[in-house]
Amino acid sequence: MRSPKDFFAPLAIGAPDPVRQIPALPSRMIHFFDPSNEKMAAKAPELAAKVDVLLGNLEDAVKADRKEAARAGLVRVARDNDFGTTQLWTRVNSLDSPWVLDDLVTLVTEIGDKLDVIMVPKVEGAHDIHYVDRLLAQLEARAGLTKPLLVHAILETASGVANVEEIAGASPRMQGISLGPADLAASRRMKTTRVGGGHPGYLVRTDPIGGELTEGRTTYQQDLWHYTVARMVDACVLHGILPYYGPFGDIRDVVACEDQFRNAFLLGCVGAWSLHPVQIDIARKVFSPAPGDVAWARKVIAAMGDGTGAVLIDGKMQDDASVKQCRVVAELADALAASDPELAEAYDAATKEALA
Ligand SMILES: CC(=O)SCCNC(=O)CCNC(=O)[C@H](O)C(C)(C)COP(=O)(O)OP(=O)(O)OC[C@H]1O[C@@H](n2cnc3c(N)ncnc32)[C@H](O)[C@@H]1OP(=O)(O)O
Ligand SMILES: CC(=O)C(=O)O
Ligand SMILES: [Mg+2]
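Residues numbered from 1 in each chain as written. Chains lettered and ligands numbered in written order. Predicted model: local features only at pLDDT ≥ 70, side-chain atom pairs only at ≥ 80, totals over all residues. Heavy atoms only, no water.

Moving on, we get to the confidence of the model for the protein chain. It should be kept in mind that the predicted coordinates are not to be read in detail where pLDDT is low. Mean pLDDT over the protein chain: 97, with 100% of residues reaching 70 or higher. Scored as a complex, the prediction yields pTM 0.97 and ipTM 0.99. (pLDDT = per-residue confidence, 0-100.)

This part covers the UniProt feature "binding site: substrate" (unreviewed entry) in the protein chain. According to UniProt, the feature "binding site: substrate" (unreviewed entry) maps to Arg 91 and Glu 156 in the numbering used here. In terms of the greatest pairwise C-alpha distance, the residues named above, spread along 66 residues, form a tight cluster of at most 13.7 Å across. Taking the annotated residues in turn, Arg 91 and Glu 156 line the second largest pocket. With respect to the secondary-structure elements, Arg 91 resides in strand β3 (residues 87-91). Residues in contact with Arg 91, not counting those within four places in the same chain, are Phe 32, Leu 55, Gly 56, Asn 57, Leu 58, Glu 59, Asp 60, Met 119, Ile 154 and Trp 273. Take Glu 156: it is sitting in the loop between β5 (150-155) and α6 (158-162). Classification of Glu 156 as buried rests on a relative accessible area of 4%. (UniProt positions renumbered as here; feature names shortened; annotations may be inferred. 1 Å grid on protein atoms, 1.4 Å probe; cavity = no way out; pocket = protein on both sides within 12 Å on 5 of 7 lines; lining within 4 Å. Helix = DSSP H or I, 4+ residues; strand = E, 2+ residues; numbered from the N terminus. Contact = heavy atoms within 4.5 Å. Buried < 20%, exposed > 50% of the residue type's maximum accessible area, 1.4 Å probe, protein only.)

With that out of the way, let us pick up the packing of aromatic side chains. The geometry of two aromatic rings is summed up by the distance between their centres and the angle between their planes. All chains considered together, the criterion is met by 6 aromatic pairs. Centroid distance Trp 89 to Tyr 244: 6.1 Å. Interplanar angle 80°. Geometry classified as edge-to-face. You can see Trp 89 sitting in strand β3 and its partner Tyr 244 sitting in strand β9 (residues 242-244), a full 155 residues away along the chain. A single burial state applies to Trp 89 and to Tyr 244, both of which are buried. For the ring pair Tyr 245 and Phe 261, a centre distance of 6.0 Å and an interplane angle of 55° mean the geometry is tilted. Of the two residues, Tyr 245 sits in the loop between β9 and α10 (254-267) while Phe 261 sits in helix α10, which places them 16 residues apart along the sequence. (Phe/Tyr/Trp six-rings, centres within 6.5 Å; stacked < 30°, edge-to-face > 60°.)

Ligand 2 sits among Arg 91, Glu 156, Gly 180, Pro 181, Ala 182, Asp 183, Pro 247 and Trp 273. Arg 91 has a polar side-chain atom sitting 3.1 Å from an oxygen atom of ligand 2. A distance of 2.7 Å separates an oxygen atom of ligand 2 from a polar atom in the backbone of Ala 182. Across the complex, the protein chains shield 94% of the 210 Å² of accessible surface that ligand 2 would expose by itself. Using a 2 Å cut-off from the grid points, one finds that ligand 2 occupies the second largest pocket. Per-element accounting of the shell around ligand 2 gives the leading share, 3 residues, to helix α8 (residues 181-188). Classifying every residue of the shell around ligand 2 gives 4 nonpolar, 1 polar and 3 charged. (Near = heavy atom within 4 Å. Polar contact = N/O pair within 3.5 Å; in protein donor to acceptor, adjacent residues only side chain to side chain. Areas by Shrake-Rupley, 256 points an atom, 1.4 Å probe, with all protein chains shown as cover. Sits in = over half its atoms within 2 Å of the grid points. Nonpolar A, V, L, I, M, F, W, Y, C, P; charged D, E, K, R; others polar.)

So, on to the packing of helix α3 (residues 67-80) against helix α4 (residues 100-111). Running from amino to carboxyl end, α3 crosses α4 at an angle of 15°, the nearest separation of the two axes being 10 Å. It follows that α3 is roughly parallel to α4 by the angle criterion. The way α3 lies across α4 gives a crossing that is right-handed. Contact residues: Arg 71, Leu 74, Val 75, Ala 78 and Arg 79 in α3; Asp 102, Asp 103, Thr 106, Leu 107, Glu 110 and Ile 111 in α4. The residue inventory of the contact of α3 with α4, partitioned by class, reads 5 nonpolar, 1 polar and 5 charged. (Axes fitted to C-alpha atoms, helices over the stretch in contact; angles between N-to-C directions. Parallel < 35°, antiparallel > 145°, perpendicular 65-115°, else oblique. Left-handed = near helix turned anticlockwise from the far one by under 90°.)

Written as structure tokens, this is what we have:
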């Protein structure tokens with residue numbers, strides 16, 4: 001383990017100083033596109049105007065014989081465009097693959113000044129982050145970069161989940177963690193065949209009444225991902241980084257996608273992945289607090305003054321702990337509204353009504 005005194009020292013001579021705080025920039029949707037697909041890559045500027053994060057994916061979902069084309073496509077997209085406040089991320093190939101070394105060397109050298117975050121798949125423990133951390137520092141120094149690249153880990157192995165706290169705290173570069181339900185299911189030998197979402201067989205059933213075993217017993221489907229998301233959120237908060245739900249593979253089922261995203265939002269996640277344009281607005285809606293909730297939060301904050309003591313508002317007791325929750329919602333709303341005039345207007349209109 002590195003000494004806390006050395007934690008914020010660059011890992012290579014000439015590399016930029018590590019960041020001391022992870023910027024809480026809007027990242028409600030991390031939109032995946034395949035840079036080897038010329039049609040998709042051509043849409044990058046149009047997509048960038050609609051999303052918080054645009055991510056050029058080089059790993060799974062890119063065919064093995066298109067890996068070089070995807071890497072070169074991402075370099076082209078980054079060089080040919082200025083995406084303004086939209087962040088540009090990439091997901092590189094896994095650390096045991098034949099492509100990852102060239103991914104990192106090429107991307108940092110060619111477009112290191114354009115990239116914000118590098119997503120690393122199948123992270124098993126802190127040792128994987130340490131490897132990437134040092135290599136990035138060497139490449140940044142050689143490329144003369146002045147801003148350090150941040151690292152995002154995908155939680156998609158049983159070992160990664162067991163080590164999630166050490167992964168979250170492995171480097172000052174750690175920006176966040178996403179749940180990777182598809183690979184995680186395979187790694188855990190779960191008997192599912194889906195990319196995220198629930199399963200009708202994972203349920204609880206009400207007790208039998210009067211000895212009747214088969215009739216009148218309601219079942220409730222349970223969330224397969226509750227434990228992992230909750231654990232990931234705690235690990236991220238512990239280390240001051242950001243948690244995300246990952247992909248929802250049933251593109252057609254926009255209703256269940258919204259539910260899965262909302263579960264993650266309510267548990268503390270700041271965003272999710274969008275795999276298809278239809279999921280962009282779902283993520284925007286879910287990961288922006290609802291105007292009614294923002295209005296309520298602002299009303300409680302206004303009524304609570306210095307935030308101590310107890311008051312009754314609309315029949316509900318408020319004290320220090322509830323005002324803290326309200327501040328989380330109100331601060332997120334303010335941060336998102338700062339770059340979204342439509343959202344700002346909706347929040348202000350709902351607040352005016354609530355305070356009238
Ligand atoms: C488990 C994991 O690792 S998840 C992460 C890895 N997976 C991915 O990144 C997948 C990303 N998404 C995709 O590749 C695609 O959405 C697919 C293959 C799932 C479906 O693509 P299609 O069969 O083309 O879907 P569909 O016909 O509905 O597409 C409609 C339009 O949206 C476009 N489109 C689809 N997905 C995307 C995307 N992610 N970004 C930009 N445009 C897209 C299509 O090119 C098509 O454009 P067109 O109307 O100009 O022809
Ligand atoms: C997100 C991802 O890579 C997975 O679910 O496997
Ligand atoms: Mg995966």
